[in-house]
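Residues per chain are reported as follows:
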Amino acid sequence: MANLLETASKSGDFTVLLKAIKATELEDTLNSEGSFTIVAPTDDAFAKLPAADRDALFANIPKLKRIVLYHAVMGNVQSDDLAEIDEAPTVEGSIIAIKRAGGEIRINDALVTQMDILADNGVIHKIDTVLMPAILEHEYD
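Residues numbered from 1 in each chain as written. Predicted model: local features only at pLDDT ≥ 70, side-chain atom pairs only at ≥ 80, totals over all residues. Heavy atoms only, no water.

(A) Molecular detail of the packing of helix α5 (residues 51-59) against helix α6 (residues 61-70). As a packed pair, α5 and α6 sit with axes 5 Å apart at the nearest point and diverge in direction by 100°. Relative to α6, α5 is oriented roughly perpendicular. Residues L57, F58 and A59 of α5 form the contact with α6, whose own contacting residues are I61, K63, L64 and I67. By residue class, the composition of the contact of α5 with α6 is six nonpolar, no polar and one charged. (Axes fitted to C-alpha atoms, helices over the stretch in contact; angles between N-to-C directions. Helix = DSSP H or I, 4+ residues; strand = E, 2+ residues; numbered from the N terminus. Parallel < 35°, antiparallel > 145°, perpendicular 65-115°, else oblique. Contact = heavy atoms within 4.5 Å. Nonpolar A, V, L, I, M, F, W, Y, C, P; charged D, E, K, R; others polar.)

(B) Representation of the sheet that holds strand β6 (residues 110-119) in the model. One open sheet holds the seven strands; their spatial order is β2-β1-β7-β6-β5-β4-β3, and the pairing between them is mixed. Unpaired on one side and paired on the other, β2 (72-74) and β3 (87-89) mark the two borders of the sheet. This sheet shows a mean twist of 30° between the axes of neighbouring strands, independent of strand direction. Two strands pair when backbone bridges link them, and β6 and strand β7 (residues 122-127) are joined in this way by five bridges, in the antiparallel orientation. In the sheet register, I117 faces β7, and the bridge partner there is I124. Along the sheet face, helix α1 (residues 4-11) touches β1 (36-41), β6 and β7 and points at about 35° away from the line of β7. (Pairing = 2+ DSSP bridges.)

(C) Structural view of the pairing of β1. For β1, the tally of buried residues reaches six of six residues, placing the bulk of the element in the interior. As defined by bridge partners, β1 adjoins β2 across three bridges and the pair is classed as antiparallel. If you follow T37 over to β2, its bridge partner there is V73. Pairing of β1 with β7, which is carried by six bridges, proceeds in the parallel orientation. The residue of β7 that forms the bridge with V39 is H125. (Buried < 20%, exposed > 50% of the residue type's maximum accessible area, 1.4 Å probe, protein only.)

The structure is reproduced here in structure tokens:
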């Protein structure tokens, strides 16, 4: 099996996220032997952001790094775990909310569209929206 970044790269759905990971120099962290869960916004999720906002993210590396780390949870949190917990602490330091309704799982407001993409050092859950930590709404303006 491949590690998280190799697995994400092979899927073809996460090119913008992988570009953000590279820009923020988080590759070594996410390639480490520790176990991580990545709630990974797809390229379509990034495309929902206005182009100016996407460009601004990549121009502000500290903010981008916080956003990337907000999509990572320590440990291997698979679908069975998501079905039982209501929140999880992110590597960024904030908490993400996990909601279940109508057979769907949402992380904050993002719909989980595919679960349990397994890797050597964790798991990826595909989401349809880029998550933003509340603390960042005004912090780096």
